[in-house]
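Chain by chain, the residues run as shown.
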Amino acid sequence: MNTRGITLRELMELSVLGKAKVISGEQGLDRVVRFVDIMEVPDLKGWISEGVMLLTTAYSIRHDPSLLTELIYTLDNLGAAALAIKPARFLKEIPQGAIEASNACGLPIVEIPPEIPYTDITQPVMELLLGRQAMLLRRAEEVYRTLTTMVLENSGIQAVSDSVAEFLKAPVALVDTERKIIVSSPADYDWAQSAAPLSWNIHVDRRTVARLLVDKEQLDDMEEVGIEQARLVFALELMRRKVAEDTEFRLRGNFIDELLTPPLPSRHEVQRRARQLGMNPEHKWEVAVIEGETAPSEETVNRLLEREAKKRGVTPHVEYRSSRAVLFLPTHEGRRFTPGGDAEEPWEKTLSGWLQDKAEGLSSYRCGIGTSEYLWDIHTSYNEARKALSIARRLGQGPGGITRYEEMEVYHLLEGLGGPGFEQLFERKLGKLLQYDQEHDSNMLLTFYHYLECRGSLIETANSLYIHRNSVKYRLERIRDITGFDLNDPREQFVCHLCLIYYYLQEIGRFGRFQECRVSKSNINMG
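Residues numbered from 1 in each chain as written. Predicted model: local features only at pLDDT ≥ 70, side-chain atom pairs only at ≥ 80, totals over all residues. Heavy atoms only, no water.

### Topic: a nonpolar patch on the surface
We count it as follows: Residues enter patches when their relative accessible area tops 30% and they take part in no salt bridge; the joining distance is 9 Å for like charges and 5 Å for the nonpolar side chains Val, Leu, Ile, Met, Phe, Trp and Tyr. Values of accessible area rely on a 1.4 Å probe in the Shrake-Rupley scheme; residue burial ignores everything except the protein chains shown. Criterion for a salt bridge: a side-chain nitrogen of Lys or Arg within 4 Å of a carboxyl oxygen of Asp or Glu. Only DSSP runs of H or I with at least four residues qualify as helices, and only runs of E with at least two residues qualify as strands; both kinds are numbered from the N terminus onward.
A cluster of nonpolar residues, Tyr144, Leu232 and Leu236, forms a patch on the protein surface that exposes about 260 Å² of accessible area. Here leucine 236 is to be found in helix H6 (residues 221–260).

This is how it looks when you write it as structure tokens:
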């Protein structure tokens, strides 16, 4: 049954219209009639509603019947359903131009015998229309009751989806903002084969969180009402899921705090609570700390992490503290990356992609990563990530980079040695170079450090210092002259590299802070 209204074809079957006839525009007999109105003036704009069947005696255009042609086109543009005329009294006959216009645009002209009063037409038509609308309201109430009962009984989003699909007699799916399927009915339906499904946004907290897809060409009135009810119920289900996820997130955050703060819970307790919170204790976990001058965008980090979590099938966690984001990243022990294998890429590579993608807005941040540990030892990875960042910062590594603790571990050990021995070695090897820098306000030490860090590459050294390669060559010649070193001697390179690293790792002491030793790009470019 068509619930969008009553078609003109159905109306013509009423007994009161038994003597009426369609004289033109037969292709429009399936137009839907929603209202019946009577025309008193030829000016229709502003008061004609879509779906109206207009009754007229043509009295207002009796002196110029040619206006009927224009009237036909106007009604069609306004979405009218039909024009019913009693032509005998004032028009005598319907102009040929109006008939041609009716056939051209598909707006039916119905000729009504003059003896039929308007009330004999309007009353049964409106009764039929109102009866259909009452049926629509009753059916809408049934749909609403069924779906809301499902929500109250916590039947689940799949049951709601199945009910909506059964009501619409069409496949239904709910997809997230990245068009990944949240739920589908049938569950195995191939949505790639659906060329242009109907779709509606689903909102939660004034944000679009999903889209409802229906693989159907069009919906009738009753189905449209059902869709509105379905959108509301899906929004409630997604909100329920969000509340549950937020609660679980807070509980995970509390659990993580306990794992990072002594006294630490026992291994058995960690395993038990981790399973309750969906954090697989069988996985190895890496901690990554992303920091910058300001706090990273929580929306950006959450979105990237959620997308990667779905891809990997794991449940990571993120905490925001001061100007940093702390990420707790699990890896399937059996799927860890191996060179030449087909396992998932390491988190280090994923995070590097985030920081190098300027469109994501994280290129001004740096990241440190600790070693892989089980949950009960995750505090170790957290401390390592912070140490890696600290060392990288003092060694002058700029934003947009990833630093693994394994790469900095020897530097951390070197930092702990200290004592006068290293100071004496530095003074003996590089004291003259430091004195030259202080007297000439130059950057020979810094150049030598970057040269050794770049494994003797003039181009990479120049890029690191933002200067020309020839400036690097000139400085290296001055370094040879001042120190008397053979810069190609591996042993001299090793010893000097250790001394420079030790020098720049000193935050407080007679060497001062590394940041104070660095100069602006403009000063560096002076060569």
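### Comments concerning the pairing of strand E8 (residues 172–176)
As a reminder of what qualifies: Each residue is placed in one exposure class: buried if its accessible area under a 1.4 Å probe, protein chains only, is under 20% of its type's maximum, exposed if it is over 50%, and partly exposed if it falls in between. The pairing criterion is simple: DSSP has to find at least two bridges between the two strands.
Burial within E8 is extensive, with five of its five residues counted as buried. Going residue by residue along E8, you find Val172, Leu174 and Asp176 tucked away on one face and Ala173 and Val175 tucked away on the opposite face as well. In sequence, E8 turns back onto strand E9 (residues 181–185) through a hairpin of four residues, with arginine 179 there showing a positive phi of about 65 degrees. Both E8 and strand E11 (residues 207–214) contribute to a ladder of five bridges, which runs antiparallel. Opposite valine 175, over in E11, you have arginine 211 as the bridge partner.

### A closer look at the environment of alanine 195
Note that alanine 195 resides in the loop between E9 and strand E10 (198–204). The class of alanine 195 is exposed, set by a relative accessible area of 83%. Along the sequence, alanine 195 and aspartate 215 sit 20 residues apart, while their C-alpha atoms lie 8.7 Å from each other.

### What to know about the nonpolar core
Put simply, the rule is: To form a nonpolar core, buried Ala, Val, Leu, Ile, Met, Phe, Trp, Tyr and Cys residues must be joined to one another through side-chain atoms within 4.5 Å.
Membership of the largest hydrophobic core comes to 34 residues, with the highest contact counts inside it found for Leu395, Leu430, Leu433, Leu445, Phe448, Leu500 and Tyr504. Mapped by element, the contributors of at least two residues to this core are helix H10 (378–394), helix H11 (405–417), helix H12 (419–440), helix H13 (444–453), helix H14 (458–465), helix H15 (469–483) and helix H16 (490–505).

### Some details on the sheet that holds strand E2 (residues 21–24)
Keep this limit in mind: The angle between two axes is taken between their N-to-C directions and runs from 0 to 180 degrees, where each axis is a line fitted to C-alpha atoms and a helix contributes only its stretch in contact.
With mixed pairing, five strands are arranged side by side in an open sheet as E2-E7-E6-E5-E4. With one partner strand each, in any of the chains shown, E2 and strand E4 (35–38) form the two edges of the open sheet. Neighbour-to-neighbour, the strand axes of this sheet turn through a mean angle of 30 degrees, independent of strand direction. Judged from the four bridges that link them, E4 and strand E5 (residues 52–56) form a sheet pairing that is parallel. Paired with valine 36 across the bridge in E5 is methionine 53.

### With respect to the pattern of salt bridges
In total, this model carries 25 salt bridges according to the counting rule given. Where salt bridges share partners, they join Glu286, Glu348, Arg404 and Glu406 into one cluster.

### Section: helix H7 (residues 267–276)
In plain terms, the rule: Contact definition: two residues touch when any of their heavy atoms are within 4.5 Å.
Where H7 is concerned, the buried positions are Val270, Gln271, Arg273 and Ala274. Elements in contact with the buried residues of H7: H6. Just downstream of H7 lies glycine 278, where phi reads positive at about 75 degrees.

### Digging into unusual backbone geometry
Omega for the peptide link from serine 185 to proline 186 comes to -5 degrees, which places this bond in the cis form. Residue position: proline 186 is located in the loop between E9 and E10. Along the chain, proline 262 connects to proline 263 via a cis peptide bond; the corresponding omega equals -5 degrees. Structurally, proline 263 can be placed in the loop between H6 and H7. With phi around 55 degrees, lysine 169 is a residue other than glycine that occupies positive phi space. When you line up the elements, lysine 169 lands in the loop between helix H5 (157–168) and E8. With a phi angle near 60 degrees, tyrosine 466 is a residue other than glycine that sits in the positive phi range.

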